[in-house]
Protein chains: 2
Amino acid sequence: MKKIPLLLMGCGGVGRQLLQHIVSCRSLHAEQGVTLRVVGVCDSKSLVAAPDVYASELDDKFLLEVCRIKSAGSSLSTLRSFGDCQVHTHSDLSERLIEIASLLSKSTGLAVVDCSASSDTIEVLTSAIDLGCCIVLANKKPLASTMEHYDKLVSQPRRIRHESTVGAGLPVIASLNRILSSGDPIRRIVGSLSGTLGYVMSELEDGKLLSEVVKAAKSLGYTEPDPRDDLSGMDVARKALILARLLGNRITMDNIKVESLYPEEMGSAVMSVDEFMSSGLSLLDKDIQEMVHKASLHGNVLRYVCVLEGSRCEVGIQELPRNSALGRLRGSDNVLEVYSRCYSQQPLVIQGAGAGNDTTAAGVLADILDVQDLFN
Amino acid sequence: MKKIPLLLMGCGGVGRQLLQHIVSCRSLHAEQGVTLRVVGVCDSKSLVAAPDVYASELDDKFLLEVCRIKSAGSSLSTLRSFGDCQVHTHSDLSERLIEIASLLSKSTGLAVVDCSASSDTIEVLTSAIDLGCCIVLANKKPLASTMEHYDKLVSQPRRIRHESTVGAGLPVIASLNRILSSGDPIRRIVGSLSGTLGYVMSELEDGKLLSEVVKAAKSLGYTEPDPRDDLSGMDVARKALILARLLGNRITMDNIKVESLYPEEMGSAVMSVDEFMSSGLSLLDKDIQEMVHKASLHGNVLRYVCVLEGSRCEVGIQELPRNSALGRLRGSDNVLEVYSRCYSQQPLVIQGAGAGNDTTAAGVLADILDVQDLFN
């Protein structure tokens, strides 16, 4: 039985779903000859680890209790009384994580899994790579950081997996890596990579007002608490940056042209969320309605997409043929169109749910199973 | 530098394209820290191998000469005079291939690559697996053979890759394996997996006659020399069987309901290709035209698909909503729709060119790079 020890950073929706998937897949993975040993779990404040990370792990009852108490809003430190574990709540969490990575890297190997949404994990991740560990990321920020951080993180290309940074569990990164390693040069990528903006754009097409659609999306829980976090396009830009770098473009966020759906004077530094929702948003209706109308006169629709072509990387609204994979998109699915030598006339299209904790965690779990050949 | 020794079976369109890709990707793969060492190439009659498979390989000049002479219809044995190689033309080719596999398996490892279209490779492939080699298949027949052969071939699941057996280079198998290893149960797969039949069905939709469309497709080189090889549905059935087995269904070809587009009395045992094209085919026009018409009255279109659901596996014509990924399909692209827990309302869709030597060979090459962690 191949054993993969795991250290999980991040206990939000995705991290908890991952722990639940790990527990529920025990027998499936045993059939495949693999056991996942979770040796530690941390959030931004605390770390709970097995008493002896070599020989023991956090058991399934413990992992489910982690999920329960984090869902209830409690601190990981309350687990001290629950079972056999070490609890660390110092300010030097990173040091302790690196210590575990260092202990396990040479003996059993270790997969360090980042399901947080923070830049604070970069230090641990880069150290883990230096130590010869594998890293698996759902967190976009480390790969959208400086070029120096990026280079370090991908310096051992077989030791990093990050499917869930773009399109949740959709097989986007895995497929692009296959195309690249087969020497098929990727010429162009166009993608709708925000479920929220995908939903907004397809509703606009039906003649609804932007303000209506965003309000409805917010009340349905489709948007971030501050919908401007979606409407700014920054989340899409991070995904675009990760794709651009995967294609070999040595660029940073500053090199990406990002179109925001609201002007600077409606930013969070100027307006509260409530103000934006009640008065700001409706001021944007007319302009975008005209854009939708103009596009439809050309037989086109508007989509909020990323476009990568050569060294160009742009994120914003584009008029696209109603009859393309992107033009036909409805609701919150993500779509990626890839043009290469092998996919020259018609693109390779990958489409499906590109958000959700279950799907994102499934992508992380598939990544973990995918590095198994590096473990004994 | 990681070295992957390769033994290639099959020098047809796909095998030759693979050799060309290997040669043209030398610097790309070197950047990734990988070298592919082709130690032997064979067709059904001859094997050319490096004089010392441990220490030497067939060089790029030699590999390109293999491509040249096979394209010209010559025998591999003519390479005897070309360069430093061993040539075997005995009847015991399999034995010699197994000998090479046995020599390399323990020392350097070996990837045995099957780009043939024959069942004769099964003995070598199963022996290679027993010896601890990796196997990479574009050839569907071994995986569509008996359950006993299948079980043996996949007995070391990490040592087999066969992306190009379904949908050429489309990331179908890789994506399904990811979904399966993440514990996301696949409920249903519907796929249009024949470029030829995809083209035929979308032309019929435009009101053309089956006989016209098949004649045009044959003259464009879209069909097999005998178009009945496409119209029988057997090629799709083999792909469906491979997918069904991947999902864990222990079935054989006999368990698949396969709808042929022509009746038995027009089979190759009864009619020549010419007879079929000139007189048989047009007898089929009326019935299928009526089916197309009936489907369109329901707002549907006809597609020749495989459907996998639970233990059910069927291959044939289905009425599908005009507005689904499959219904919108035009031309010769392949499409796969996958429904699972994560993709429940809207399927995961993978679409793109599903045929062609270039694309198929690219899929094989990506598979070879994907097993690299099993080599030193």
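What counts, and where the lines are drawn
Residues numbered from 1 in each chain as written. Chains lettered and ligands numbered in written order. Predicted model: local features only at pLDDT ≥ 70, side-chain atom pairs only at ≥ 80, totals over all residues. Heavy atoms only, no water. Buried < 20%, exposed > 50% of the residue type's maximum accessible area, 1.4 Å probe, protein only. Helix = DSSP H or I, 4+ residues; strand = E, 2+ residues; numbered from the N terminus. Arc of directions from axis to C-beta. Contact = heavy atoms within 4.5 Å. Domains from an automatic or database assignment. Buried area = accessible area lost by both parts, 1.4 Å probe. Salt bridge = Lys/Arg side-chain N within 4 Å of Asp/Glu carboxyl O. UniProt positions renumbered as here; feature names shortened; annotations may be inferred. Polar contact = N/O pair within 3.5 Å; in protein donor to acceptor, adjacent residues only side chain to side chain. Least-squares fit on C-alpha atoms with pLDDT ≥ 70 in both.

**Observations concerning helix H9 (residues 210–219) of chain B**
All names here are of chain B.
Point 1. Listed in full, the buried residues belonging to H9 are Leu210, Ser211, Val213, Val214 and Ala217. One side of H9 carries all its buried residues, which in axial view fall inside an arc of 165°.
Point 2. Close packing links the buried residues of H9 with helix H8 (195–205), helix H10 (228–231), helix H12 (273–280) and helix H13 (285–297).
Point 3. Two residues or fewer after H9 comes Gly221, characterised by a positive phi angle close to 80°.

**Side note on the domain arrangement of chain A**
All names here are of chain A.
Point 1. Partitioning chain A into domains gives domain 1 (2–169 + 358–374) and domain 2 (186–353).
Point 2. Relative to domain 2, the C-alpha centre of domain 1 lies at a distance of 31 Å.
Point 3. Tallying the contact residues gives 14 residues for domain 1 and 13 residues for domain 2.
Point 4. When the area that domain 1 buries against domain 2 is broken down by residue, the three leading residues are Lys140, Met147 and Val166, summing to 41%.
Point 5. On the surface where domain 1 and domain 2 come into contact, there are 2 salt bridges.
Point 6. Taking the shortest distance from any N to any O, the salt bridge between Lys140 and Asp235 comes out at 3.3 Å.

**What about the UniProt feature "active site" (unreviewed entry) in chain A?**
All names here are of chain A.
Point 1. The positions UniProt marks with the feature "active site" (unreviewed entry) are Lys239.
Point 2. Note on placement: Lys239 falls in helix H11 (residues 234–246).
Point 3. For Lys239, a relative accessible area of 7% gives the class buried.
Point 4. Setting aside residues up to four positions removed in sequence, Lys239 forms contacts with Lys140, Thr165, Val166, Gly167 and Leu193.

**Here's the deal with the pattern of salt bridges**
Point 1. Scanning all chains against the criterion turns up 49 salt bridges over all chains.
Point 2. Of the charged contacts in the structure, one is a salt bridge between Glu205 of chain B and Arg322 of chain B, with a shortest N-O distance of 3.9 Å. Note that Glu205 of chain B is positioned in helix H8 and Arg322 of chain B in the loop between strand E11 (312–321) and strand E12 (333–340), a separation of 117 residues in sequence.
Point 3. By relative accessible area, Glu205 of chain B is classed as partly exposed at 25%.
Point 4. Salt-bridge contacts for Lys257 of chain B lead to Glu314 of chain B; the nearest nitrogen and oxygen are separated by 3.9 Å. Of the two residues, Lys257 of chain B is situated in strand E9 (residues 257–258) and Glu314 of chain B in strand E11; the sequence distance between them amounts to 57 residues.
Point 5. Several salt bridges converge on common partners, so that one network encompasses Arg188, Lys257, Glu309, Arg312 and Glu314 of chain A.

**Some points on the interface of chain B and chain A**
How big an interface is tends to be stated in terms of the accessible area lost upon association of its parts.
Point 1. Listed by partner, the interface residues are 43 residues for chain B and 43 residues for chain A.
Point 2. When chain B packs against chain A, close to 3,500 Å² is buried across both sides, 49% of that on carbon and sulfur atoms.
Point 3. Among the residues chain B hides against chain A, the three largest losses belong to Arg158, Arg178 and Asp373 of chain B. Together they make up 21% of the total.
Point 4. There are 7 salt bridges connecting chain B and chain A.
Point 5. Here Arg178 of chain A ties to Asp367 of chain B by a salt bridge, and the two come within 2.9 Å at their closest N and O atoms.
Point 6. For the pair chain B and chain A, the number of links is 17 residue pairs in polar contact (both at pLDDT 80 or more).
Point 7. Those elements giving two or more residues to the side of chain B that touches chain A turn out to be helix H2 (26–31), helix H7 (172–181), strand E13 (348–353) and helix H14 (357–370) of chain B.

**Structural notes on the relation of the copies chain B and chain A**
Point 1. Between the two copies, chain B and chain A, the superposition gives an RMSD of 0.0 Å; the rotation angle is 180° and the shift along the axis is 0.0 Å. The transformation just described matches what one would write down for a two-fold rotation axis. Proximity to the rotation axis, assessed at the C-alpha, singles out Ile350 of chain B in chain B; its C-alpha lies 2.4 Å from the axis.
Point 2. Residue by residue, 100% of the interface of chain B is reproduced at the interface of chain A, so both copies engage with the same surface.

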